[in-house]
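Single-letter residue listing:
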Amino acid sequence: MAKRSKISDYAGGWALVTGAAREHGLGYAFAHRLAAEGLNLILVDVLDEDLGRRANELRNQFDVEVRTATCDLGESAPYAPIEDAIDGIEVDALVCNHMFTPPDTPPILDMPLETHSRMIDINARGYTNLIHRFGTAMRDRGRGAIIIVSSGVGLTSGPYTGAYAANKAFQLMFGQALWYELRGTGVDVLVMIAGLMNTQGDALSKYPRWLMAEPAAVVPEVLAALGRKPTVVPGFASRAFLFVQTRLMSRQLALTSIGRFMASGLGKND
Ligand SMILES: NC(=O)c1ccc[n+]([C@@H]2O[C@H](COP(=O)([O-])OP(=O)(O)OC[C@H]3O[C@@H](n4cnc5c(N)ncnc54)[C@H](OP(=O)(O)O)[C@@H]3O)[C@@H](O)[C@H]2O)c1
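The present account deals with the structure reproduced in this document. Fair warning: this is a prediction, and the values are worked out from it, not measured in the lab.

Focus on the site of the ligand
Taken together, 29 residues surround the ligand, and among them Arg-22, Asn-97, Tyr-164, Thr-199 and Gln-200 come closest. Interatomic distance of 2.8 Å between a side-chain N/O atom of Asp-45 and an oxygen atom of the ligand. Summarising the interface, the protein chains cover 91% of the accessible area of the ligand, which totals 880 Å² for the free molecule. Going through the elements one at a time, helix 4 (113-141), strand 5 (144-151) and helix 6 (162-181) are the ones with two or more residues in the shell around the ligand. No other element matches the 3 residues that strand 5 contributes to the shell around the ligand. Split by residue class, the shell around the ligand holds 15 nonpolar, 10 polar and 4 charged.

Details of the sheet that holds strand 4 (residues 93-96)
Reading across from one edge, 3-2-1-4-5-6-7 is the order of the 7 strands in this open sheet, with parallel pairing throughout. Edge positions in the sheet fall to strand 3 (66-70) and strand 7 (231-232), since each has one partner strand and no second. Note that strand 4 and strand 5 share 4 bridges and pair parallel. Note on strand 5: the bridge partner recorded for Val-95 is Ile-147. Strands strand 2 (40-45) and strand 3 of the sheet are contacted by helix 2 (residues 48-61), whose axis makes an angle of about 175° with strand 3.

Topic: the nonpolar core
In terms of nonpolar packing, the biggest core is built from 38 residues, with Phe-30, Leu-34, Leu-41, Leu-43, Leu-58 and Met-192 touching the most fellow members. Elements represented by at least two residues in this core include exactly strand 1 (14-18), helix 1 (26-36), strand 2, helix 2, strand 4, strand 5, strand 6 (187-194) and helix 7 (215-225). In this structure, Ile-146, Leu-172, Ile-193 and Val-233 belong to the second largest nonpolar core, which totals 30 residues.

Examining the packing of helix 1 against helix 7
Contact pair helix 1 / helix 7: the axes reach a minimum separation of 9 Å and the direction vectors enclose 60°. Judged by the inter-axis angle, helix 1 sits oblique to helix 7. Between helix 1 and helix 7 lies a crossing of right-handed hand. Together, Leu-26, Ala-29, Phe-30, Arg-33 and Leu-34 of helix 1 and Pro-215, Ala-216, Val-218, Val-219, Pro-220, Val-222 and Leu-223 of helix 7 make up the contact between the two elements. Residues of the contact of helix 1 with helix 7, tallied by class, amount to 11 nonpolar, no polar and 1 charged.

Quick look at the packing of helix 4 against helix 6
The N-to-C vectors of helix 4 and helix 6 enclose an angle of 15°; their axes lie 9 Å apart at closest approach. Classed by the angle they form, the pair helix 4 and helix 6 counts as roughly parallel. Judged by the sense of rotation from one axis to the other, the crossing of helix 4 with helix 6 is right-handed. Contacts from His-116, Met-119, Ile-120, Asn-123, Ala-124, Tyr-127, Thr-128 and Ile-131 of helix 4 reach helix 6 at Ala-163, Tyr-164, Asn-167, Lys-168, Phe-170, Gln-171, Phe-174 and Leu-178. Grouping the constituent residues of the contact of helix 4 with helix 6 by class yields 10 nonpolar, 5 polar and 1 charged.

Conventions we followed
- Residues numbered from 1 in each chain as written.
- Predicted model: local features only at pLDDT ≥ 70, side-chain atom pairs only at ≥ 80, totals over all residues.
- Heavy atoms only, no water.
- Near = heavy atom within 4 Å.
- Polar contact = N/O pair within 3.5 Å; in protein donor to acceptor, adjacent residues only side chain to side chain.
- Areas by Shrake-Rupley, 256 points an atom, 1.4 Å probe, with all protein chains shown as cover.
- Helix = DSSP H or I, 4+ residues; strand = E, 2+ residues; numbered from the N terminus.
- Nonpolar A, V, L, I, M, F, W, Y, C, P; charged D, E, K, R; others polar.
- Pairing = 2+ DSSP bridges.
- Contact = heavy atoms within 4.5 Å.
- Axes fitted to C-alpha atoms, helices over the stretch in contact; angles between N-to-C directions.
- Core = buried A, V, L, I, M, F, W, Y, C linked by side-chain atoms within 4.5 Å.
- Buried < 20%, exposed > 50% of the residue type's maximum accessible area, 1.4 Å probe, protein only.
- Parallel < 35°, antiparallel > 145°, perpendicular 65-115°, else oblique.
- Left-handed = near helix turned anticlockwise from the far one by under 90°.

As far as function goes, none of this settles anything; it's purely spatial.
Okay, here's the thing in structure tokens:
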């Protein structure tokens, strides 16, 4: 059985983080922490200018190399901007964090079919493409770390965010099976089952404050779980919330209560 890794084992190596362009986003919080641990970075996002800004901030703050790849991860693989940015280097840590969800969060049947397809392309196919590309290379080298950012709604479902919840369930199932299949290969897989985080400005302001975690506080807890277990739910409030929804309630009661919770958090008339 290979020794379990810590993220600091990859200091001096390279991490690729997707969805890393937004200043208050989780992807940037991951990138910041990985740079602090001494990893060089490849930052990926669709937002070109923001990506450049984040890369400069990290270069100024840490003694690491930072490359960027502006890339629509809903396109077909291979992703040329990522391959160009990599240019022969080996990626030791992959953080799949990007996501696309429409801001108006319509019910499933009111969301255009093209939007459903786009979500599946970015949030399911995009994750598969990246994990297959870098996971096989890691397995061949016998070392690496893959972190997949899923969500509590991937376990519980989430009315009004049903398509998103289904995408998150895909990521969770994919990652858990991969964890098992890669045990003993030197490649650690960890699925982060995220609760609500303060990343979206006012968009999530109707949800209760006590459930809202700060991304910078969440990331160290996630990185500390790497190599120890297949999944992590960071934050006591999120763990308690999920425990009630998944262990103490019937499925029907959980769906009804989450439906009301989502409706009120998203400002829907239910
Ligand atoms: N925030 C929460 O409460 C929460 C809760 C549970 C799970 N999560 C998960 O945590 C992760 C980060 O969330 P966040 O709130 O930090 O979101 P975020 O700030 O919106 O970050 C996601 C990033 O992915 C980018 N992106 C969207 N479509 C893309 C594409 N086709 N190709 C490449 N990049 C693309 C986004 O760009 P645009 O902004 O232009 O779309 C954005 O910069 C996501 O996987 C999310 O599902 C978040």
